Amino acid sequence: MNLKGTLPTLILEVLADEPSHGYRIAQRIKQSSDGLLDFKEGTLYPALHKLENEGSVESYDGIENGRARRYYRITRSGRKVLNEDRAEWQQLSRAVSMILGEA
Amino acid sequence: MATLDGWLNQAVRRLSKDSADTVRREIQEHYDAAREAALQSGNDLQQADDIALQALGDPCAANRQYRKVLLTSSEAKVLRQSNAESRMLCSSGWIRWVLLSAQGALLLLSAASFAMHLPLLASGVLVLGALMAMFFTVPFFPIYTITRGRIYRAVKWALLTVAVFAFFGKDGWNWLWLGSCCFFPVIYMEWKRAMIRRKLPISRWPKQLYL
């Protein structure tokens with residue numbers, strides 16, 4: 001399923017629970033959607049950099065199983081953006097459901 | 001057969017060295033984790049490599065997206081070289097003195113021209129002085145916030161437009177192409193700086209990015 005434009009919101013949603021590294025973020029998105037949302041993982045990091053440039057997430061170095069990892073965590077402004085995106089998505093989803101339900 | 005190195009070489013095309021290093025590090029980390037997960041799922045080494053590489057997708061698509069968010073080599077070069085005028089101004093006391101006093105002298109000359117009923121000469125000299133002040137004294141101004149930077153850039157472009165019309169009068173529109181050609185380096189730098197501003201977090205902006 002095409003994820004165009006929604007990947008940053010999904011990343012923020014995953015990071016809202018706990019800080020995470022890129023690979024785990026990708027797996028969480030795929031697992032949470034029962035594999036319906038599939039995307040090329042090479043495009044995950046540009047989205048993370050964009051969120052970082054906008055101040056929605058911040059990154060730090062960590063260690064997992066003895067291996068260095070780049071971790072990302074959501075910032076306060078990131079949570080605000082996520083709430084706005086959620087509200088916008090729910091409105092859009094409701095509107096589309098109404099139209100499709102009437103068809 | 002495609003390899004991670006081949007993928008990375010395409011994904012980092014035209015990125016700056018620092019950006020390319022970042023991409024290589026994060027993709028290598030991701031690839032290792034994906035490969036490890038594939039091995040734990042019972043795949044052999046070759047299959048694990050293929051699965052991890054395939055999951056990354058098209059390197060050209062990744063490169064296009066990386067170039068939108070990370071500095072390219074040309075932007076990194078602009079960033080390195082764009083404080084040249086500030087370094088030149090601050091490098092020696094007498095250069096600074098000459099450049100700053102030249103603007104004062106132009107202002108006096110403009111006032112004298114007005115007094116001598118030479119309004120055309122006066123306005124030309126005044127605009128020249130203002131342009132010099134705009135480019136040469138600005139490194140000494142406390143412009144290190146986004147709002148001040150925006151105000152400065154708005155004033156700079158308004159002044160450049162006024163300069164074209166002050167020099168060419170009513171024919172300003174006809175000569176706008178000449179002004180655009182003359183100011184092309186300024187326009188190019190401005191465009192590159194705008195790109196860089198979108199890519200760098202504000203905490204990492206050097207002073208010249210505000211200008």
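Structure: above.
These figures come from a predicted structure and were not determined experimentally.

(A) Inspection of the overall build of chain A at higher detail. Secondary structure summary: chain A contains 4 helices and 3 strands in total. When its helices and strands are written in sequence order, chain A yields α-β-α-α-β-β-α. Evaluated residue by residue, chain A yields a buried proportion of 40% over its 103 residues. For chain A, the share of sequence-separated contacts (at least 6 apart) that also reach a separation of at least 24 residues comes to 46%. For chain A, the exposed surface amounts to about 6200 Å²; the carbon and sulfur share of it is 52%. Between the centroid of the 15 positive side chains of chain A and the centroid of its 15 negative side chains there is a distance of 3 Å.

(B) Quick look at helix 5 (residues 73-81) of chain B. Residue and element names in this part refer to chain B. Listed as buried for helix 5 are Glu75, Ala76, Val78 and Leu79. Each buried residue of helix 5 lies within a common arc of 160 degrees when the element is viewed along its axis, so the set occupies one face. Looking at the buried positions of helix 5, the neighbouring elements they touch are helix 11 (184-199).

(C) Focus on the side chain of Lys199 of chain B. You can see Lys199 of chain B is positioned in helix 11. By relative accessible area, which is 5% here, Lys199 of chain B ends up buried.

(D) Geometry of the pattern of salt bridges. Per the counting criterion, the structure on display carries 17 salt bridges over all chains. The shortest N-O distance in the salt bridge between Glu58 of chain A and Arg73 of chain A comes to 2.9 Å. Taken together, the residues span a long stretch of sequence, with Glu58 of chain A in strand 2 (residues 57-64) and Arg73 of chain A in strand 3 (residues 67-74) at a distance of 15 residues. The closest approach of N and O atoms between Arg197 of chain B and Glu190 of chain B, which form a salt bridge, is 4.0 Å. This pair shows no difference in class: Arg197 of chain B is buried, exactly as Glu190 of chain B is.

(E) Quick look at the sheet that holds strand 3 of chain A. All names here are of chain A. Across the sheet, 3 strands lie side by side as 1-3-2; this open sheet has antiparallel pairing. With partners counted over all chains shown, the strands left at the sheet margins are strand 1 (20-21) and strand 2, one partner each. Of the pairings in the sheet, the one linking strand 2 to strand 3 comprises 8 bridges and is antiparallel in character. By the bridge assignment for strand 3, Asp61 is matched with Arg70. Contacting strand 2 and strand 3, helix 3 (residues 44-54) crosses the sheet at an angle of about 125 degrees to strand 2.

(F) Molecular detail of unusual backbone geometry. Residue and element names in this part refer to chain B. A positive phi angle, near 65 degrees, is found at Arg14, a position not held by glycine. Mapped onto the fold, Arg14 is located in the loop between helix 1 (4-11) and helix 2 (17-40). Unusually for a residue other than glycine, His117 sits at a positive phi of about 60 degrees. Among the secondary structure elements, His117 is positioned in the loop between helix 7 (93-115) and helix 8 (119-136).

(G) Examining the layout of surface pockets more closely. Roughly 530 Å³ of internal volume is contained in the second largest pocket. What lines the second largest pocket is a set of 24 residues, among which Asp18, Ser19, Thr22, Leu70 and Arg204 of chain B lie closest to the centre. Elements supplying a minimum of two residues to the lining of the second largest pocket: helix 3 and strand 3 of chain A together with helix 2 and helix 5 of chain B. Looking at the lining of the second largest pocket element by element, the count peaks at 6 residues for helix 2 of chain B. Residues of the lining of the second largest pocket, tallied by class, amount to 8 nonpolar, 7 polar and 9 charged.

So, how was this worked out
- Residues numbered from 1 in each chain as written.
- Chains lettered and ligands numbered in written order.
- Predicted model: local features only at pLDDT ≥ 70, side-chain atom pairs only at ≥ 80, totals over all residues.
- Heavy atoms only, no water.
- Helix = DSSP H or I, 4+ residues; strand = E, 2+ residues; numbered from the N terminus.
- Buried < 20%, exposed > 50% of the residue type's maximum accessible area, 1.4 Å probe, protein only.
- Contact = heavy atoms within 4.5 Å.
- Areas by Shrake-Rupley, 256 points an atom, 1.4 Å probe, with all protein chains shown as cover.
- Lys, Arg positive; Asp, Glu negative; His and termini not counted.
- Charge placed at Lys NZ, Arg CZ, Asp CG, Glu CD.
- Arc of directions from axis to C-beta.
- Salt bridge = Lys/Arg side-chain N within 4 Å of Asp/Glu carboxyl O.
- Pairing = 2+ DSSP bridges.
- Axes fitted to C-alpha atoms, helices over the stretch in contact; angles between N-to-C directions.
- 1 Å grid on protein atoms, 1.4 Å probe; cavity = no way out; pocket = protein on both sides within 12 Å on 5 of 7 lines; lining within 4 Å.
- Points joined across faces, edges and corners; volume = space filled by probe spheres on them.
- Nonpolar A, V, L, I, M, F, W, Y, C, P; charged D, E, K, R; others polar.

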